[in-house]
Amino acid sequence: MDVLDPESDSVRTCTYVEEADELFGIVQKAVASKGQEAGDLLARFSTILVKYQEQGNLLDPHLEHIVEPLSDILRKFALQAEATKEINAEALRGTCQLLWTVITVRGYKNSVKFFPHEARDLEPVTCLLDWVHSQTAKTTITWPGTALHTVQAVPRQGQWFEADGVLLLWLSQLILIPFDLRTVDSLLGDVSSGPQQSPLVAKISSLAQEYLESAGSSRTMAALLMGRLLTRPDQATELSAFAEHALQSLQRQGANASFIVPGIAHTLAIIFKIGHRKILLPLVPRMWPAAAQLLTGSEAARSSLVRKLAVKLSQRLALMTLDRQGSTGGEDGREVGEEVEEAVGLLLTGLQDKDTVVRWSAAKGVGRLCGCLPQELGDEVVSSLPDLFMDSSADAAWHGGCLALAELARRGLLLPARLPQLSPLICRALCFDVRRGPHSVGSHVRDAAAYVCWALARAYSSEIMQSSLLALAPSLLVTACYDREVNCRRAASAAFQESVGRQGGVFPHGIDILTAADYFTLGTRTQAYLTVAPFIAQYPEYRRALADHLLEAKLQHWDRALRETAAQALAALVPTEPALFQGHFVDALLPLCLSPTLEVRHGATLGLAEVSLALDKVGQGLEDSRAAQVAGVVPAIEKARLYRGKGGEIMRSAVCRLIECTALAKLPLTMAQKKALHASLDENLKHPAAAIQSQAAVALCAFCKAYVSKASPEALARTTLKHLQGLKDANVAIRRGSAMALGALPSMLLLPHAEEVLQSLGRAAQKEEDAEDPDAESRMNAVRALAASAQTLYGEQHDPPTSHSAAASSKPSREPNDSSSQRPQGSSAKTAEIDTPMCVQSRLCCAVSATIAALDDYSIDNRGDVGSWVREASMTALPPLLKLMAAYSPNMRHASASQPSPPAQSLAISQEKPSAHKPPITSSAQHTNNENSLAEANGELQSAPQADNASATLADADAAIGDQISSADDGSPQDAQVPEQLVVAAVRGVVRQSVERIVRTREAALSSLKELLCMQPALPCIPARQSLEGVVSSSNPEHLATLSGLPTLVSLVHVEVLRQPLLEGMAASIGGLDGSLGSSISTALLSQCQGASQDRTPLRAVAQELLAIWPRHHDSSRMATPLLRTLAALLKPDNLAWLEGNCPHLVDAMLTAVDGELAGCKDVARLIAGADALTLLLACRPPHQERALCSLLGLMRGRFPRVRRHAAEQFYVHLLSWEASPTRKFTEAEQERCMNLLTETAWDGPLEAARPQCTAIADALHVQLPALKLREPKAVESSPAAAN
Amino acid sequence: MGLLSIIKKVKQREKEMRVLMVGLDNAGKTTVVKQLNGEDTSTISPTLGFNIKTLQYHSYCLNIWDVGGQKTLRSYWRNYFEQTDALIWVIDSADTLRMQDCKDELLGLLKEEKLVGASLLILANKQDLPSALTVAEIIEELGLKMLRNRHWHIVGCSARKGDGIISGFDWVVQDVKSRIYVLD
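Rules and cut-offs
Positions within a chain are numbered from 1, following the residues in the order the chain's sequence is written. For naming, the first written chain is A and the first written ligand is 1, with later ones following in the order written. Under the rules for a predicted model, residues below a pLDDT of 70 receive no local features and side-chain atom pairs below 80 are neither given nor counted, while totals for whole chains, interfaces and linings still include all residues. Excluding hydrogens and water, the side-chain values take into account all heavy atoms of the structure. What makes two strands pair is DSSP finding at least two bridges between them. Only runs of H or I of at least four residues qualify as helices and only runs of E of at least two qualify as strands under DSSP, and these elements are numbered from the N terminus. Interaxial angle, 0 to 180 degrees, is taken between N-to-C directions of lines fitted to C-alpha atoms, where a helix line uses only the stretch in contact. Every residue pair with non-hydrogen atoms within 4.5 Å of one another is taken to be in contact. When two parts are brought into contact, each loses some accessible area as probed by a 1.4 Å sphere; the total of that loss over both is the buried area. We count a salt bridge whenever a side-chain nitrogen from Lys or Arg sits within 4 Å of a carboxyl oxygen from Asp or Glu. Three labels apply to residues, based on accessible area from a 1.4 Å probe with only protein chains included: buried if under 20% of the type maximum, exposed if over 50%, partly exposed otherwise in between. Buried residues of nine kinds, namely Ala, Val, Leu, Ile, Met, Phe, Trp, Tyr and Cys, make up a nonpolar core once their side-chain atoms join them within 4.5 Å. Here the aromatic set is Phe, Tyr and Trp, taking the six-membered ring for Trp, and pairing holds for ring centres within 6.5 Å; pairs whose planes are under 30 degrees apart are stacked, those over 60 apart are edge-to-face, and all others are tilted. For a ring to carry a charge above it, either NZ of a lysine or CZ of an arginine must fall within 6 Å of the ring centroid while also lying within 35 degrees of the normal to the ring plane. UniProt positions are given in the numbering used here, feature names are shortened, and annotations may be inferred rather than shown by experiment. Under the rule applied, a polar contact is a pair of N or O atoms within 3.5 Å (in protein, one hydrogen donor and one hydrogen acceptor; residues adjacent in sequence only if both atoms are side-chain atoms).

The next thing to look at is the sheet that holds strand 4 (residues 86-92) of chain B. Residue and element names in this part refer to chain B. Ordered in space as 2-3-1-4-5-6, the six strands form an open sheet in which the pairing is mixed. Edge positions in the sheet fall to strand 2 (50-57) and strand 6 (152-156), since each has one partner strand and no second. In this sheet, adjacent strand axes meet at a mean angle of 20° when their direction is disregarded. Inspection of the sheet shows strand 5 (residues 119-125) paired to strand 6 by five bridges, in the parallel sense. If you follow L121 over to strand 6, its bridge partner there is H153. On top of the sheet, helix 6 (residues 165-178) reaches strand 1 (16-22), strand 2, strand 3 (60-67), strand 4, strand 5 and strand 6; it is set at about 175° to strand 5, its chief contact.

Each partner contributes residues to the interface: chain B has 39 residues there, and chain A has 49 residues. Together, the buried faces of chain B and chain A total about 4,200 Å²; carbon and sulfur atoms form 55% of this surface. Broken down residue by residue, the surface that chain B buries against chain A is led by L3, L4 and Y76 of chain B, which jointly contribute 16%. In this structure, the connection of chain B to chain A is made through four salt bridges. The salt bridge partner of E113 of chain B is R277 of chain A, with a shortest N-O separation of 2.4 Å.

Okay, the pattern of salt bridges next. Residues and elements named next belong to chain A. Enumeration according to the criterion identifies 66 salt bridges over all chains in this entry. Between E244 and R286 there is a salt bridge; the shortest N-O distance is 2.4 Å. Of the two residues, E244 is situated in helix 10 (residues 236-250) and R286 in helix 13 (residues 284-296); the sequence distance between them amounts to 42 residues. By relative accessible area, E244 is classed as partly exposed at 35%. What emerges from the salt-bridge pattern is a single network uniting D856, D865, R871, R992, E996 and R997.

Before going further, it helps to spend a moment on the nonpolar core. Ranked by size, the top nonpolar core spans 447 residues in total, and within it F272, M1196 and F1211 of chain A carry the most contacts. Formed by 26 residues, the second largest nonpolar core is a distinct cluster that contains M17, L62, V90 and V155 of chain B.

Any aromatic ring pair is given by two values, namely how distant the centres are and how the planes are angled relative to each other. Summed over the entire model, instances satisfying the criterion amount to 19 aromatic pairs over all chains. For the ring pair Y519 of chain A and F520 of chain A, a centre distance of 5.3 Å and an interplane angle of 80° mean the geometry is edge-to-face. Grouping aromatic residues by their ring pairs yields a cluster made of W360, Y451 and W454 of chain A. In this structure, R1118 of chain A is placed above the aromatic ring of Y858 of chain A, and the distance from its NZ or CZ to the ring centre is 3.3 Å. Positioned above the aromatic ring of W65 of chain B is the side chain of R18 of chain B, whose terminal nitrogen or guanidinium carbon lies 4.3 Å from the ring centre.

This paragraph deals with the UniProt feature "binding site: Mg(2+)" (unreviewed entry) in chain B. All names here are of chain B. Residues given the UniProt feature "binding site: Mg(2+)" (unreviewed entry) here are T30 and T47. Taking the farthest pair of C-alpha atoms as the criterion, the annotated set spanning 18 residues converges on one region, since that pair is 7.4 Å apart. Positionally, T30 belongs in helix 2 (residues 29-36). Not counting residues within four places of it along the chain, the set of residues in contact with T30 comprises I44, T47, N51 and D66. Discounting residues that sit within four places of it in the chain, T47 has contacts with T30, D66, G68, Q70 and L73. A polar side-chain atom of T47 sits 2.7 Å from a polar atom in the side chain of T30.

Given below as structure tokens:
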């Protein structure tokens, strides 16, 4: 059985190196350029290699062809270095960086074997390293002896560390040559002349020792080199010299120690690993005390690296004293040295080290040592391990203990007799979890415990392991299903798989389980909890372990989300053995609901809720006495005041769920209990936390369905009427909660007051007229509740009425139980009287128009655009509301049935007039008589005869309906409640949001639009349906809402019916704070204004529409500045020239609009935007130019210094380029005089100084400035008249 | 390092084998490697130093260390003992004069504690030469029957012609694979 492949999770795994040729190409380029280009090639080279970081072995077949040529480049540099020639440092470094990339990706142990290892390279490479080292020395910052305490802080290696690492590693390979090193030393003449030390060896040794004091990789490589050099048979003398040196160095104290000690310790560890026992054994007695001291010394206390190396060194020293063949040879009873006993002690301490790397090293040491000890001594070591697994032990000790057990198991050193003692410990380690502050520790322990199980499964035959593994299996599966961390779940499942694979059929249903619980299914917690675990629990062997673990651990877990999932998981187990849960588990959970510990009572309450419901679902509801106990839990919790203080909110949410489940399971309640639970829900509905309110509302729905059998006056008073009242409460929490409640109440309780419910919610969705505490959340909830209650009252459950009489009989009834049939005749008769389809239609129209009105909620508070919540809620509410409305509107249904093509289209064809030929005044004229045109539209709708040639005139079609209905939302929507008109208004409102400022809002708008367009049956009367469908179906809402998707939406500006809302939305975006959004939209808009070649017809339409919407937003703090900025964006010089030439009245209207907005304005941002627009309008021809000039000068003598200066600056900049303007009117002298006046005045200085200058400028340009006092009232009065 | 990464490492390690190939000089060690790797075997000079060859054999990655066998080099063989999974001892079957020398070196090698546990394959090379000793004779000459605590196997082969090498390596891979690995 193959173990799980942890790699298969990654996005893409490869089976070969697909870029092999490219890699070789890079290497060739590097070779061809003698390393010159290596630096440039590095980026791509390392991108390719890093891709194979996790599957390094795939690179192996190619490494020879990569490393060999690259090291050949180095070899040439080495020869240059030998000849003391100049070396191209950049080329050398680049080449080394390429090689170093290979080494870091593949690991130095794997990479080193691909380096050349010919004896002749030894000397040159040493020379090259010497050269590099001298470079390093030059760039090294020497550190003051006392200032630095950490190795990492010193930039000693600088930019040469790759070269250092590569060359040291290469040397460590070269040093293995099987020749006397003196024979390859050119400086040494005759080898036979005596036991002379080779200068080459001395050089290597001194270089390596210098690098031993550096940080990071170079130290590791240097230690490897030293280790291999000194363990050569011909280096015995040097070895003992180094040992002496090392003994002294290890005892070094002070600042330099942290640089010296790690390198020395590492070298010694390597020496005692690879060296020959005969040579090294004599050194052990002297080395041992130093190693033991190192572990307890001050360096070790400071650095986990030193501790790790000390643990390594001491275990290797101890191993030296043991004959490896001893344990296998069975000559027991030999003396074991003191070092070994001490080493075991040190390792056991190391197992509890606070640092993982030290524990790992110690665990491996325990394994290795025990492997060489006589059996009974080894077992003695094993017998001391359980001491690590104490209740009081730190997580580090548990982790170290598990690692040690695993290492021993892998080596087959855990005697089977020990297993019964150990397996309970392993089971506990598998669910080790210790709370620490706001989180917990233990996932490393659980992972390591899975490692123990895995190792046990591999190391022993099934006969030996059977009973122990069987004991471990349930715990293993519990961790696999229920661990909080995905790596632990997967580790446990891997261990289980290994067990099943190696131990055959020992495990009941093993194969089935590991098929269900694999690496992927356990990847998400929800799936593991709710799918995998219930599958495993079908086997009784594992069921109790799973369920008990949930009860005892996960339901009281520190992570709230986990407790909630655990409660569901417990319920998911119920079907496997209902009786067990009905009895034991409910009995266990009941008292825990009142536990003083928050986590316990929260989990228990939720667990009880879910289990009760699950029992009901499998048809084995609680027996009466237990049901009564469950019913008593909520009152008991309240009585114990467990709602209060810390965690009260968490308990409230659990109580809501318990009430909901109680109701869904229809547990019998006494009158008192009903009252108590209902009161509890009412209280939670008033809670300030929205999550609790909505849970309470959901519970209220279930509660009323289960326990309120009839709409009696008392019941209504306690529910519908109470919450209707609550909508008007001064307390915002009550308003919010009451709205939610009304949205959740069942139809039985809503029907008697249907009209009032819908109307009140509609009102509550609007901005509060006089509320002292305006509350966007209340309005949002009201909008949602409006849709929900309308749906409850008139939705889904019954067909739309086909005739007036049918409505009364097809009363909605959502109650699945028989309570509805018990409704008293009186109440039913009463509602029947009212609920004629006409009346329902009018209520729904009211609801729709209230929702449409909520689209205009742009209120802001200190949290920002809180109105956006209301608007989004409204956009979500509109599709279902409109669907209902259409269902109750016989005319609409008739229209859609008899006329398959959308009405907008048929209307348009009857218009038959290309929009280009329309007189420009049409649109503004129609504002006044839109009632008439709408009636006309409807008339034409009915009589539209021909539907051919539709697509050709689509734009006109859209335009036509736009003209006729464009002002549907100009007036008060409540007045215009014709369903067809509401659809148009809704679509236009949503379209406006689709180009507004907030991405989330745009997404909501586009989703809503999509829903409206895709509704089944199709929603009639959607204006410009085809154009909208074209845009909305072109991409997904998420994309259309992005900056790159916006231009597509902006193109709808050609559709007349949508132009106004689009322009309103775009203006808000263009003038908003988001610069990139603004510029993206204004660019898109300008490109849409540009017709074919010089044609600017679209521009006229856009300008007209902009001026038409202006009065709606006159002096609006939200829209005035954006409108001015949008106008400025449109007024590109050639655009302005075209407008002046073709429709000068529009320019006139623009000036009037700007003046109107600036008159009496105190908003600096708006005034500045106005100054910008006016400056652009200076490019007009004389009459307009003068008006613009007057207005601009007006700003320059206004009361805001910033505005004065800005206007003056803009004016000056404009004058600079005036010559280029074809509309030039003034002489050069006039212009110069003017510019002088502009520059010599401090415009942001005193107002008194600015005013005469303005007059002077006006005089210079022969412009008559209005008298100061008169200006303001006149401008205000003139603006509305001018706009029309 | 969690269990999942341990498993990954073990899986990779299981696919790798480190093979030390030694023997007296002129036994044909380098020829065996070249033959196995499909390279030209006609011109091979004595190995001065050592070669490392990484090659794919079935699904395993063999890391073969081929060390020169001249007398002066033999004391350095132990530079290469670390983590050896299999020892391949190559014999010039026709070199009857040095058979005792061969036996001494082999037995010395087998005493090395770092080679304890390594599988031993003996390649009785140069079987194509008329004067070559047979496999049975070599078993006798080297006293292989006396070996204890050692998985060993001998095949007659001709590195130059390629006969027998595959079956020898098959045995090595099988034998190493059958052991349970200890991650170090």
